[in-house]
Amino acid sequence: MAAPGVTTLTDVDAGRVPPALRGILPVLIALPVLALAEVLLGASPFATYLLSVVGVNIILAVSLNIVNGMTGQFSIGHAGFMAVGAYIAGVTSLSLKEVALSFLPVAASDQVLFTVALLAGGTCAALCGFLVGLPSLRLRGDYLAIVTLGFGEIIRVVVQNTEAFGRALGLSGIPQYSSVAMVYFWVFLVVLVARRIAGSSHGRSLWAIREDEVAAEAMGVDTTGYKVRAFVISSFFAGIAGGLFAHFVPIINPGSFTFVKSMEIVVMVVLGGLGSTTGAIVAAIFLTLLPEGLRSLFGALGAEGSLAQKVDQIRMPVYGLLLVVLMLARPQGLFGTKELWDVLPRWLPRKKKGLT
Amino acid sequence: MSQLLQHLINGLAAGTIYALVALGYTMVYGVLKLINFAHGDVMMVGVYMGYATAFALGRQAQRSLWGVVVIFAVAMVGCALLGFLIERFAYRPLREKPRLTALITAIGISFALSYGFQLDIGFLPGASPRAFPEVITPSEWFIIGDRDVVIWNWQVISFLIAVGLMAALQFLVYRTRFGKAMRAVSYDHRTAALMGIPTDRIIALTFMLSSALAAGAGLLYAIKDTSVSPLMGLYVGLKAFVAAVIGGIGNVPGAVVGALLLGLVEEFVVGYAASTWRDAVAFAFLILVLLVKPGGLFGRVAAEKV
């Protein structure tokens with residue numbers, strides 16, 4: 001960018017954009033792009049669906065990265081929080097289906113109710129994150145992993161046994177309020193929050209915990225407090241992702257939020273690089289589109305239908321092997337803690353330095 | 001009253017099997033400070049090895065005493081080899097790296113095994129569960145009252161096998177040179193290496209031992225359930241891990257007590273509440289124990305040194 005040799009994030013655009021505008025500049029750029037995407041994709045349901053799935057996975061990966069990457073904890077129950085968000089938002093929307101805000105046009109009223117449902121889901125997920133985090137974050141890293149895993153399983157069993165959540169059959173008929181613009185609005189929000197945290201003093205404390213918890217505590221970092229807060233923020237966005245997901249798929253059931261889903265998100269974060277927000281985004285896009293791409297490739301090649309189906313089966317063992325190979329060959333993931341602009345080739349525009 | 005007794009017996013029978021698997025977690029954690037997530041899946045592979053052997057033996061031979069011995073031997077030796085390979089190629093290169101790295105690797109292996117076995121390519125068995133052959137023909141050995149309390153022969157046999165294996169393990173750990181070396185490595189593996197103990201070999205042997213135990217436990221579980229599926233490792237493994245943590249991970253008697261407790265709790269939930277809640281209870285129990293005693297029932301909470 002314009003200021004060579006300058007090393008902090010806030011200085012990058014300095015001198016060009018008035019300070020008052022700097023904070024909301026990304027929104028001003030993002031809004032027209034989102035609107036354009038919405039118009040262009042209106043015709044193709046499959047593209048809309050795929051883009052929404054990619055967006056939801058980005059939200060999940062970036063939010064998990066706050067806990068697993070920045071704070072150095074290891075949560076493997078992210079799908080549990082996603083399930084909380086999906087079910088709470090789904091039930092809220094279902095019960096508000098007949099309600100319309102009279103002072104607004106129907107479409108706008110629907111979107112307002114959708115936002116309310118999403119926030120309800122996110123808040124409940126955050127609350128669960130707090131409940132899980134408070135006791136378990138006092139524990140060592142590997143205990144935390146197993147407790148988060150256990151939490152995910154408990155959520156699944158609770159859903160399977162609750163009449164209001166449709167038991168094993170799941171919830172169907174949730175109004176399809178979601179749109180690409182809405183999904184990517186939240187993508188934008190989670191990325192903004194993650195990047196802001198990474199650069200703030202709060203983020204510095206998280207990095208300190210990640211590098212050495214004992215040393216961080218000795219330096220006066222309230223480790224439990226910071227870990228719980230990271231957990232709450234992360235699970236809030238997981239809940240939002242779940243809520244969005246519930247509003248564009250025809251049915252949600254406990255099978256969508258198993259250990260497998262959690263692992264998928266973990267693989268995205270580890271592949272992208274523990275601590276790299278853009279890495280998580282790139283990995284989420286790549287790992288979501290790759291199976292789809294392979295499936296349509298095999299389909300187009302006219303290979304026997306079984307091969308295209310096998311893509312889904314083979315995905316899981318490949319994820320497992322991918323984790324092993326990554327840990328052996330490149331334990332920091334593709335980007336490490338660097339961001340995309342730190343690893344771009346020299347001739348492309350780049351920021352001078354990442355945050356870490 | 002008789003119902004209570006029956007649940008008690010079933011719970012203990014399930015608990016002894018969990019205990020065998022939990023011992024593997026605890027031993028590996030003792031020497032490596034690593035939660036071997038793939039342990040349950042090694043167990044699953046062992047069960048499939050036993051399954052294949054039983055079929056190779058044929059219907060007649062698999063029910064004879066020697067058939068059963070051969071099935072157990074093949075599965076246990078095969079799993080020991082698998083454990084050795086996993087340790088050698090996945091964990092050993094990471095030994096000096098941060099612990100999280102090894103944990104992620106373990107999760108990766110677990111995933112690769114449990115979902116790899118769901119493919120139906122080549123020798124892999126495919127996702128659907130299969131019936132495990134009745135290597136022990138079930139019969140009722142003890143009947144109290146008017147069939148109020150029934151103890152099956154496989155319950156007694158698996159209890160005896162499990163207790164026998166545990167006794168052998170106890171002897172090995174506390175009465176042999178290998179056991180002494182293992183305890184030394186567990187105490188401090190750098191110092192142990194300085195004292196001339198071949199730590200790499202001890203760790204590899206510990207892995208093989210725990211994998212062999214897992215195979216034995218898995219076979220007992222498969223005989224009890226009369227089925228085998230690629231996902232059994234994930235669930236039995238998780239339960240056993242929960243048992244090990246409840247007892248205080250790294251603590252051998254603790255793992256046994258934790259496993260028996262877990263077996264009983266699960267059985268009572270199934271018996272008196274609803275079976276659909278069974279999977280949640282293990283974890284709720286775990287979280288409860290960790291809340292009250294973060295080191296498990298018998299574990300010490302080691303102060304972290306810098």
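Residues numbered from 1 in each chain as written. Chains lettered and ligands numbered in written order. Predicted model: local features only at pLDDT ≥ 70, side-chain atom pairs only at ≥ 80, totals over all residues. Heavy atoms only, no water.

### Notes on the nonpolar core
The biggest cluster of nonpolar side chains holds 193 residues, and the ones touching the most others in it are Leu244 and Ile252 of chain A. Considering each element in turn, this core owes the most residues, 13 residues, to helix H1 (residues 2-32) of chain B. (Core = buried A, V, L, I, M, F, W, Y, C linked by side-chain atoms within 4.5 Å. Buried < 20%, exposed > 50% of the residue type's maximum accessible area, 1.4 Å probe, protein only. Helix = DSSP H or I, 4+ residues; strand = E, 2+ residues; numbered from the N terminus.)

### What about the packing of H1 of chain B against helix H5 (residues 153-175) of chain B?
Residues and elements named next belong to chain B. Axis separation between H1 and H5 bottoms out at 10 Å; the angle between their running directions is 30°. Comparing the axis directions of H1 and H5 gives the class roughly parallel. Regarding H1 and H5, the two cross each other, and that crossing is left-handed. Residue-level inspection shows Ile9, Asn10, Ala13, Thr16, Ala19, Leu20, Leu23 and Met27 of H1 in contact with H5, the latter providing Gln155, Phe159, Ala162, Leu165, Met166 and Leu169. Here the contact of H1 with H5 is built from residues that sort into eleven nonpolar, three polar and no charged. (Axes fitted to C-alpha atoms, helices over the stretch in contact; angles between N-to-C directions. Parallel < 35°, antiparallel > 145°, perpendicular 65-115°, else oblique. Left-handed = near helix turned anticlockwise from the far one by under 90°. Contact = heavy atoms within 4.5 Å. Nonpolar A, V, L, I, M, F, W, Y, C, P; charged D, E, K, R; others polar.)

### Focus: the confidence of the model for chain B
Averaged over every residue, the pLDDT of chain B is 85; the share at 70 or more is 97%. Considering each helix and strand of chain B separately, the mean pLDDT is smallest for strand S2 (residues 140-144) of chain B, with a value of 75, and largest for helix H3 (residues 65-91) of chain B, with 92. (pLDDT = per-residue confidence, 0-100.)

### Side note on a positive patch on the surface
Residues and elements named next belong to chain B. A cluster of basic residues, Arg175, Arg177, Lys180 and Arg183, forms a positive patch at the surface. The element best represented in the positive patch is helix H6 (residues 177-187), accounting for three residues. Tracing the backbone shows arginine 183 in helix H6. Classification of arginine 183 as partly exposed rests on a relative accessible area of 34%. (Patch = residues over 30% accessible without salt bridge, like charges linked within 9 Å, V, L, I, M, F, W, Y side chains within 5 Å. Areas by Shrake-Rupley, 256 points an atom, 1.4 Å probe, with all protein chains shown as cover. Salt bridge = Lys/Arg side-chain N within 4 Å of Asp/Glu carboxyl O. Lys, Arg positive; Asp, Glu negative; His and termini not counted. Charge placed at Lys NZ, Arg CZ, Asp CG, Glu CD.)

### Overview of the environment of serine 75 of chain A
Residues and elements named next belong to chain A. With respect to the helices and strands, serine 75 occurs in the loop between helix H3 (45-70) and helix H4 (78-95). Sequence spacing of serine 75 and tryptophan 341 is 266 residues, and the spatial spacing of their C-alpha atoms is 27 Å. If we ignore the near neighbours within four places in the chain, the residues touching serine 75 are Leu64, Val67, Asn68, Thr148, Phe231 and Val266.

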